[in-house]
Amino acid sequence: MWTKHLLIVVSLITLVALPNEAEAGTKRALLVGVSGYKAPVSALRGPGNDVVLMRQVLPRLGYASANIKVLSDAVPDGGIPTRAAIMAELSRLTAASTEGDEVMVLIAGHGTRQPAKPEDIGLRSVDGLDAIVLPIDIGQWDGAGGTVTNAISNFEIREWLEKLRSRGVFVWLIFDACHSANMTRSALPDDVRFRGVSPETLNIPRSAMEAAQARAPRQRGGTAESSPPMGLDLTRGTKKGDFVAFFAAQSEEEAPERALPPAQSGNKTHGLLTYSIAQAITLNPGASFAQVGQQLLQLYAVAENPHPTPLLTGTGLSRAISGGQTEGKPQWLVQRKDDGKLVLAAGAFHMLTQGTVLALLPNAIAKDKSVIGYAEIATVDGTTSILRPIAYGGKAAPAVSALPEDFSARLVEPRPDLLLHVGRPVLAEGQAGAAIMRQVIAELEISPGRNTQLRWSAPGEANNIRLVVDAGRLWFVSSESELIREGPGQTISVGLDKPIDKLLPLVRDTLAQMGKAINLTRLAAQGYGSGLASANAQVTITSNGRPVRLNDGVVPRVGNGDRLDITLENTGNRPVDFTVLQITPQFGVNVVFPMDGEHNRIDAHGRKRLGARGFQIKGAPGAQAGVERLLVIAVEAEDGAALNDFSFLAQPEVPKTRSDSSFMGRLLMETGFGIPSTRGGSEGQSMDKTWLRVFSWKEQP
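Rules and cut-offs
- Residues numbered from 1 in each chain as written.
- Predicted model: local features only at pLDDT ≥ 70, side-chain atom pairs only at ≥ 80, totals over all residues.
- Heavy atoms only, no water.
- Salt bridge = Lys/Arg side-chain N within 4 Å of Asp/Glu carboxyl O.
- Buried < 20%, exposed > 50% of the residue type's maximum accessible area, 1.4 Å probe, protein only.
- Helix = DSSP H or I, 4+ residues; strand = E, 2+ residues; numbered from the N terminus.
- Phe/Tyr/Trp six-rings, centres within 6.5 Å; stacked < 30°, edge-to-face > 60°.
- Lys NZ or Arg CZ within 6 Å of the ring centre and 35° of its normal.
- Polar contact = N/O pair within 3.5 Å; in protein donor to acceptor, adjacent residues only side chain to side chain.
- Contact = heavy atoms within 4.5 Å.
- Axes fitted to C-alpha atoms, helices over the stretch in contact; angles between N-to-C directions.
- Parallel < 35°, antiparallel > 145°, perpendicular 65-115°, else oblique.
- Left-handed = near helix turned anticlockwise from the far one by under 90°.
- Pairing = 2+ DSSP bridges.
- Core = buried A, V, L, I, M, F, W, Y, C linked by side-chain atoms within 4.5 Å.
- Expected span 1.5 Å × (residues − 1).

J.: Before we go on, may I ask you to explain the pattern of salt bridges in this structure?
T.: Side-chain pairing between opposite charges can occur once the charged atoms of the two side chains come close. Evaluation of the coordinates by the stated rule reveals 18 salt bridges. The partner of K498 in a salt bridge is D497, and the shortest N-O contact between them spans 3.6 Å. Classification of K498 as partly exposed rests on a relative accessible area of 28%. Judged by relative accessible area, which is 69%, D497 ranks as exposed. Between E636 and R574 there is a salt bridge, and its shortest N-O distance comes to 3.3 Å. Placement of the pair is E636 in strand 36 (residues 626-636) and R574 in the loop between strand 31 (563-570) and strand 32 (576-583), with a sequence separation of 62 residues. With relative accessibility at 17%, the residue E636 sits in the buried group. Salt bridges linked by common partners bring R563, D565 and R609 together as one network.

Right, here's the structure in full:
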């Protein structure tokens, strides 16, 4: 049983918040984390940590500590999260809140589905099933009552939400649970658990589930109507108050919890959704809910296995999550310890990595010209880092003894995490291919290849790519998928029936290609290229005649014949150069724009509609199923400078010559080919002139 003494030091980015007079109402929060379930429901480790983390984040968004109520059996000062306690607190929030107020609710724990009552099918339930949340006193299926004892149903939450919205209260919800439990899970890291139980665990008869689904309304094709997230149709009717809801997974997916950040000392188990939301808020507390949703997709895109697809819905997506705006660059407090160590109050949680350069300033409001020296991150863990003074920007490395006891460090030059985390294969004595695979690994440990940086992880640890030896082949299993031996989504593999001099180059090339695609996506997720506010892209997929915009937390499923449409926009006063790349499920990187010598510079206040670019979703038998991504890169053009064109990233080899020397150009070269760039003296200033965005969809055959 994990300890109840939880300590998570979350040092948020120091930014200047500008108050918004239009939002002067009271902010109240209810944080529910259920961990200590009794058999047969499995206990969880992370919900209590989720509650503690959000309780630390919310005050930065204007929530007074006295207005944050905690119900968690894993938090020493929290109430017990029984059904009665949760429903009582929801009622209290309704009674206390009035027009202009804001209410936030986190529910972290298990979920599942139960049969909807016959009279509710077609009304409260569109697919014949009710999603339910499991409080700590959850019971078993009550056939006479037609419900699981003490369950909290989706329509109870919906009715509560409608009451609050009718009063003009803004509500945002985080459901860090799922309602799908797969009984045949593939091999996963040892620290991963899923927040969902099967209906059978609660003694819900399979026949009752099937009968309820059979009564659901049918579409013309004969299939049941699709259910909204958690079965909550929250858009019906006209309400005075807006809402936003985050969901950990789509209805058929499972929501994981695991030790986060991975492979960092002092990490704790969290739900991936709650941790990622807190991280996105920390990176930019002035972002809108829609921007947080976009950041979630980018964080999830590079999350080490496993991860589902988060969902975001609501009528208040354009609202700032903090109720205000932010200015300035990220910065944090530094303390000079008696032993001479410089301890930065930020770490891997804040997307900082070893080698990141920071400017040292006497205080948080000092101007950039007041810099007293520079330092780089020498070591990093979950929430703190150790700094090492360096010579940089024409200044000598400052003496530690000359620095104040407390001062600020402001981000100058980020360093992306470009290592490819590779899981070692489990090899048995006498297994076909095991002997030559041991030779391959030994060679890779010495020389992974000039275009690759590898970090090996043991079986059961987090990774980007997991190597599996099976049926005489080496399989490269992505963190986004399971091993698929045949069919549309077949996993990349190479035969092990080759001599070492033939096999080793194939393995190196495959890892290099996969690492390149993963790192391109990782850059956007780590917050690089977020400073150019004038760049924008709109990506729309038209499916069955209905357009769906790929933003605001939406990852649609697409199929044969669906059409992609891309529009690039520059709202600023200076020209911007755009590059658009496609990252395929099989880790290919293709150029979408510019092509065939196209001019990729968009003038001030200009836009360019690329249209479909011949982009047709193939989705036919034999097509590659999986997650497909579009990476849009924008760089503000310097006076007299050549075009910033990153089409070279689609080339199989590193170009011998290149004209680009911008901050983003060097980062992308390093990202694509694993070659550390040479640090200069003013690169950090260009960080404000770059923009990256990843758009994702799932292809289905």
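J.: Explanation requested: the packing of aromatic side chains in the structure shown.
T.: Each pair of aromatic rings is reported with the distance of its centres and the angle of its planes. Throughout the structure, instances matching the rule amount to five aromatic pairs. By the ring-pair criterion, three or more aromatic residues cluster together here, those being F170, W172, F246 and F289. The ring of F170 is capped by R319, whose NZ or CZ atom sits 3.9 Å from the centre of that ring.

J.: Sorry, what's going on with the side chain of E636 here?
T.: Engagement of the side chain of E636 in a polar contact is seen with the side chain of R574, the distance being 3.3 Å. Sequence-distant contacts of E636, defined by excluding residues within four places in its chain, comprise L532, R574, P575, V576, N644 and K689.

J.: Got a minute to help me understand the packing of helix 2 (residues 83-96) against helix 3 (residues 154-166) in this structure?
T.: Between two packed helices, the angle of one axis relative to the other and the distance separating the axes together describe the packing. Their axes nearest at 9 Å, the elements helix 2 and helix 3 cross at an angle of 15°. One way to sum up the angle between helix 2 and helix 3 is to call them roughly parallel. Helix 2 and helix 3 meet at a crossing whose hand is left-handed. Where helix 2 approaches helix 3, its residues R83, M87, L90, L93 and T94 are matched on the opposing element by E156, W160, K163 and L164.

J.: Hey, could you run me through the sheet that holds strand 27 (residues 492-495) in this one?
T.: Strand pairing in a sheet relies on backbone hydrogen bonds, with the paired strands running either antiparallel or parallel. Judged by pairing direction, the sheet is mixed, and its five strands sit side by side in the order 24-23-25-26-27 without closing on themselves. Every other strand in the sheet has two partners, leaving strand 24 (454-457) and strand 27 as the edge strands with one partner each. The mean inter-strand angle of the sheet, taken between neighbouring strand axes irrespective of direction, is 25°. Sitting on the sheet, helix 7 (residues 434-446) is in contact with strand 24, strand 25 (465-470) and strand 26 (473-478), with an inclination near 135° to strand 24.

J.: Please clarify how the nonpolar core should be interpreted in this entry.
T.: Inside soluble globular proteins, nonpolar side chains tend to come together where they are buried. Core analysis: the biggest nonpolar cluster contains 46 residues, and L31, M54, L58, M104, W172, I174 and F246 have the highest contact counts within it. Elements that contribute at least two residues to this core include exactly strand 2 (27-33), helix 1 (47-57), strand 3 (68-72), strand 4 (102-108), strand 10 (170-176), strand 12 (243-247), helix 5 (272-283) and helix 6 (289-301). It is helix 5 that provides the largest number of residues to this core, a total of seven residues. Sequence-distant contacts of L31, that is, excluding residues within four places in its chain, are made with V51, M54, R55, L58, I68, K69, V70, L71, M104 and L106.

J.: When you look at helix 2 in this model, what are you seeing that I'm missing?
T.: Think of an α-helix as turning once every 3.6 residues; residues three or four places apart then point the same way. The terminal C-alpha atoms of helix 2, which comprises 14 residues, lie 20 Å apart, in line with the 20 Å expected from a rise of 1.5 Å per residue. Structurally, helix 2 contributes buried residues whose contacts are with strand 2, strand 3, strand 4, strand 9 (152-153) and helix 3.

J.: Help me understand unusual backbone geometry in this model?
T.: Across residues other than glycine, the phi torsion is negative in most instances, and most of the peptide bonds are trans. Across the junction of A39 and P40, the peptide omega takes the value 15°, indicating a cis bond. Mapped onto the elements of the fold, P40 is located in the loop between strand 2 and helix 1. At N203, a position not held by glycine, the phi torsion is positive, near 65°. Counting through the fold element by element, N203 comes out in the loop between strand 11 (193-194) and helix 4 (206-214).

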